[in-house]
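Inside the fold
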Amino acid sequence: MNQIRTWHPFVGPFDPCPPITRKAYLVPPNLFIPYQPPNWPQFSPAEALKRGTLWPALYSPYESRMLEGRSEGQ
Amino acid sequence: MSAAKKPDEAYDQLLTELQQLDFVLVELTLYLDTHPYDMQAVQQFNQLAQRRRQVAQVYESRYGPLLQFGHSYSRYPWDWANTPWPWQV
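Just so it is clear, the model here is predicted, and its values are computed rather than measured. (Residues numbered from 1 in each chain as written. Chains lettered and ligands numbered in written order. Predicted model: local features only at pLDDT ≥ 70, side-chain atom pairs only at ≥ 80, totals over all residues.)

Description of the overall build of chain B
Quick reminder of the rule: Per the convention used, a helix needs a DSSP run of H or I reaching at least four residues, while a strand needs a run of E reaching at least two, with both numbered from the N terminus. Between the two quantities, the radius of gyration covers C-alpha atoms and the globule rule is 2.2 Å times the number of residues to the power 0.38. Any residue with 12 or fewer other C-beta atoms within 10 Å of its own C-beta is exposed, any with 20 or more is buried, and the rest are partly exposed; the C-beta atoms used are placed from the backbone. Each residue is represented by a C-beta atom placed from its backbone, and any two residues with such atoms within 7 Å are regarded as in contact.
Within chain B, the secondary structure is distributed over 2 helices and 0 strands. Computed over C-alpha atoms, the radius of gyration of chain B comes to 16 Å, more than 25% over the 12 Å expected from 2.2 N^0.38 for 89 residues, which places it beyond the range of a compact globule. Overall, the C-alpha framework of chain B stretches about 50 × 25 × 20 Å when taken along its three principal axes. In chain B, which comprises 89 residues, the share counted as buried stands at 8%. Within chain B, counting contacts between residues at least 6 apart in sequence, those at least 24 apart form 47% of the total.

Overview of the interface of chain B and chain A
Counted only if it meets this: We call Asp, Glu, Lys and Arg charged. Ala, Val, Leu, Ile, Met, Phe, Trp, Tyr, Cys and Pro are nonpolar, and the rest, Gly among them, are polar.
Every contact between the two is made by 10 residues of chain B and, on the other side, 9 residues of chain A. Sorting elements by how many residues they give to the side of chain B that touches chain A places helix α1 (residues 9-34) of chain B first, with 7 residues. Classifying every residue of the side of chain B that touches chain A by side-chain character gives 4 nonpolar, 4 polar and 2 charged.

Overview of the confidence of the model for chain A
Applicable threshold: Values of pLDDT, ranging from 0 to 100, describe the predictor's confidence in every residue of the model.
Confidence in the prediction of chain A, expressed as mean pLDDT, is 85, and 85% of residues score 70 or more. When mean pLDDT is compared element by element in chain A, helix α1 (residues 45-51) of chain A scores highest at 94, while helix α2 (residues 66-73) of chain A scores lowest at 54.

Here's the deal with the confidence of the model for chain B
Across chain B, the average pLDDT comes to 89, with 92% of residues at 70 or higher. Here the predicted complex carries an ipTM of 0.76, next to a pTM of 0.79.

So this is what it looks like as C-alpha cells:
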C-alpha cells in the first residue's frame, strides 16, 4: 500500500506567494493494524536496527520531500 | 591519564552487534507487553537475552565495563574513566 496521501489545498486569488497546489502526508501502516497477529515474518537484527522495526509489515520509509516541495513552489 | 588503545575493528563489530540485539529486544519487549501468551516470541526473547549477555561479556572482558555500580565487572586497574566513551565512537 502506498503510504503517501495527497490533497489539494485551496488557492486564494490574492495569495502573494506562489501557491503550493499539492500537499502530502504519510499514513504509517500501524494505523491499519488494530492488533498485531503473532508469528509475523521478521527482519534480521541488522536490518531491523537499520529500518527501525523488527517486522517488515510495520516498516514505514522516510523520504525527504523537501526538494520536491521546493521545485513545486518555484 | 593514559590515552586508550585505538579500538580495533572487532570493537565496532561488537558494539554494532550489541546495538542490534538491544533493538530487537526492545521490539520484542513492546510486542510481548500486548502478546504475553506468544510462546515463540518469549523463547526468542530469552534466546536473544542470553546472546546479548554473551556478547556483553566478551565486550567487557576486552574493552572495559558497560555499566557501573556493580552491574559490570572491572578489570585491573580501574578503567571506567578510560576513553573512548560511548558518545565518542
